[in-house]
Amino acid sequence: MLETFGHLPVAWLLFAVLAAAAFMAFYVGRTQAVGIARGYTSQLNSQPNYHGYFVAMATIAPAAIILFLYILFGESLVRAQIAGELPERIRALGDLELAQYIDRISEHATRRDALATGNALFDAASDRYTDLVGLSRIAAILLAVLAAAGGFFFGRSRLSGDFRARARVEDGIKFLLFLCAAIAVLTTIGIVASLLFEALRFFSRVNVFSFLFGTEWNAQTGADFGAIPLFFGTFLIAFLAMLVAAPIGLFSAIYLSEYASPRVRSIVKPILELLAGIPTVVYGFFALQFVAPIVRASATWINGLPFIPDGFLAAQPTSALAAGLVMGIMIIPFVSSLSDDVINAVPQTLRDGAYAMGATKSETVKQVVMPAALPGVIAALLLAVSRAIGETMIVVMAAGQRAQITPDPTADLTTITVQIVALLTGDTEFDSAKTLSAFALGFVLFIVTLIFNLIALRVVKKYREKYE
Amino acid sequence: MDGNMEHFTQTKSSARADTASAPIKVDCQNIDVYYGDKQAIEDISLQIEDRSVTAFIGPSGCGKSTFLRCINRMNDTIESAKVTGKIFMDGANINDPAIDPVLLRSRVGMVFQKPNPFPKSIYDNIAYGPRIHGLASGKAEMDEVVENSLRKAGLWEEVKDRLLAPGTGLSGGQQQRLCIARAIAVSPEVILMDEPCSALDPIATAKIEELIDELRERYCIVIVTHSMQQAARVSQKTAFFHLGKLIEYGDTERIFTNPEHGRTQDYITGRFG
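Treat the numbers as computed from the prediction; the structure is a model and nothing was measured.

Cut-off values and rules
Residues numbered from 1 in each chain as written. Chains lettered and ligands numbered in written order. Predicted model: local features only at pLDDT ≥ 70, side-chain atom pairs only at ≥ 80, totals over all residues. Pairing = 2+ DSSP bridges. Helix = DSSP H or I, 4+ residues; strand = E, 2+ residues; numbered from the N terminus. Axes fitted to C-alpha atoms, helices over the stretch in contact; angles between N-to-C directions. Buried ≥ 20, exposed ≤ 12 C-beta atoms within 10 Å, placed from the backbone. Expected span 1.5 Å × (residues − 1). Bend = angle between axes of the 7 residues up to and from the residue. Domains from an automatic or database assignment. Contact = placed C-beta atoms within 7 Å. Nonpolar A, V, L, I, M, F, W, Y, C, P; charged D, E, K, R; others polar.

Novice: Would you mind going over the sheet that holds strand β10 (residues 245–251) of chain B with me for this structure?
Specialist: Pairing between sheet strands relies on hydrogen bonds along the backbone, with the strands arranged either parallel or antiparallel. Residues and elements named next belong to chain B. Strand order in the open sheet made by the six strands is β6-β7-β8-β3-β9-β10, with mixed pairing throughout. The open sheet is flanked by β6 (108–111) and β10, the only strands paired with a single partner. Taken over all neighbouring pairs, the strand axes of this sheet differ in orientation by 15° on average, direction set aside.

As structure tokens, then:
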């Protein structure tokens, strides 16, 4: 019996049962309210449907809370119990080994087609694990049913002609919406906290200043953690990308919003925005296979010119320039789409005013529309910069791995994101300075993009206040 | 301007002006305007006198603003709009393809419903037009143009100490007078006003009306208004539009006391519209 429960797809069953309970509770609540009203529902404070919703809410909310807690803590409880029951010799293995042993038990136990391994102790533990899971589920379900029944009777007992079911339902909806918003915020806080925690562990081993201002980066050997070459590579590539994206994005936004006929606009704008939908790994291919060889060939050609000293450009097979150019193309839609929005938000009356003064279209755009849209355009550019700094795939594929500081864009450079990927892929142990440095880099990246985004949002807000 | 009278005598007027005292500045003949397939203006002919105020009245959507925008070819900026017919200004047809609308608009200024100062300083707002048309050489001359325009618009005393402050920081009424000053700065011959007081309070409105009355000495002014009292107060001639047609045109005094058409009568007495 317990074993059966240990294997059932309980989640779906529960969901169905909860839905049925909610439906029934709604029906009962509604009927009761109709009974109270004796046919004159206008006498009720709230219409019968709201009484129904209220009883349904009172029924499923407590059950949902219990099931949620079970999902969060159920497995840990079972594991703790199993750990306690294992013989002393296995428990003496130490925390990490014990956890791995239980992982194996749990994996074996939850597989339906698992055969006995022949190891009597392990098989017994596996069966026991299945039973415990079944037991914990039955317990959770019983508790949930009790809570639902309690909620149901509580809900019914509140119903009366004066009961403000509508207001209570409103409170319930408000709480639900708040919960969703809170989950988003809490997740963000959680991410930052975990980053910060690991970064602090790193900084307990490596000095903050030697990390932030050191110019030698040899993390793979665990020797040097000076991140300046990474910051340099990141900002150089972002700068190159902005050299491409800022003018092209801005000018295409001006063309689309001021010059293009509605027909052209309806074709060109979606195509531009399609650029944003291309997976970055595809851009990575493009950078590596197509742009990087061209950059290299051009650099070699320049090196061969008579008045250029030998080896003037590095002409590497992967280069900052290749990554920067392609990244620039990738972020064009970020610049153009946002700029297009802010240019369109400039009131038509301003344009009319300039035209009526006898200004031409380009004079109007340059002297009236752009100054009015400038804060929004700056915000768009800042958001694009923070996108460029955080971009990973293109630089992983096309920028290279070498941590060096050189203004030569045809040299291979590395960035913060490339190093994070390099440090965290493959076999890693999560307590070496090498791995932890990835979190420190991630934290720096987060802070930098956060600052850019905050400035952008502030600028946009100021701009909005001015024109609405 | 010599050709004005002569020009006037040779055009036949379909909507007759009651008195032909002043010279004609703008002579519109058989104007039709279409927005896509929809006809907004049907065969309107109308003569506007120089150095006077002409008011366009009529219910919303009657085409009075559209017609006003024909006079400086602002309808060109609307993709779907198509204008046919002739508008003579000093003898030249402004709808002729050879006419540069950009130059035309420096001769025909316009003031809009909502004050729309540029996102620049008060000074630069006024200097904008003279700069793009090269009307002032040197700083001293430009300063003079700015001061004169602001004086004519009755704004100089209020803003002379903060010419470099942003124009958007002024009150609504001041902004509208700034826009009038901006229009005056390029020395136009005609000033078009599209409900210039609809976003203003009664005190600011009174100031603008006073200003319009002063400007009448120098310019040909056409004003679109929803306020019957305003039309009666500031204009010498009134044209009543309805459903894209010109119903009646004549001396303001006569239109308001003794209209020829039943529709005009109904509108000005508030029976519809």
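Novice: Would you mind showing me how to read the pairing of strand β3 (residues 53–57) of chain B here?
Specialist: Remember that side chains alternate between the two faces of the sheet whenever the strand is regular. Residue and element names in this part refer to chain B. Counting buried positions along β3 yields five of five residues, so the element is predominantly enclosed. Residues of β3 alternate between two faces, with Val53, Ala55 and Ile57 on one and Thr54 and Phe56 on the opposite face, all of them buried. Of the pairings in the sheet, the one linking β3 to strand β8 (residues 220–224) comprises four bridges and is parallel in character. Residue pairing for β8: Ala55 is matched across the bridge by Ile223.

Novice: Whenever I open this one, helix α12 (residues 320–345) of chain A confuses me. Can you help?
Specialist: Residues three or four positions apart in an α-helix share a direction because the helix packs 3.6 residues into each turn. Residues and elements named next belong to chain A. Counted at 1.5 Å a residue, the expected span for α12 with its 26 residues is 38 Å, and the 36 Å between its end C-alpha atoms agrees. The sharpest bend along α12 reaches about 40° and sits at Ile331, with the proline Pro333 one to four residues further on. In terms of residue burial, α12 counts as a mostly covered element, since 22 of its 26 residues are buried.

Novice: Would you explain the domain arrangement of chain A in this entry?
Specialist: Note: interface size is frequently given as the accessible area lost on complex formation between the parts. The assigned domain composition of chain A is domain 1 (2–163) and domain 2 (211–467). The distance between the C-alpha centroids of domain 1 of chain A and domain 2 of chain A comes to 49 Å.

Novice: I keep staring at the interface of chain B and chain A and nothing clicks. Help me out?
Specialist: Taken together, the contact pairs 23 residues of chain B with 17 residues of chain A. Counting residues per element, the ones that place at least two in the side of chain B that touches chain A are α3 (101–107), β6, α4 (122–133) and α7 (172–184) of chain B. Considered class by class, the residues forming the side of chain B that touches chain A number eleven nonpolar, seven polar and five charged.

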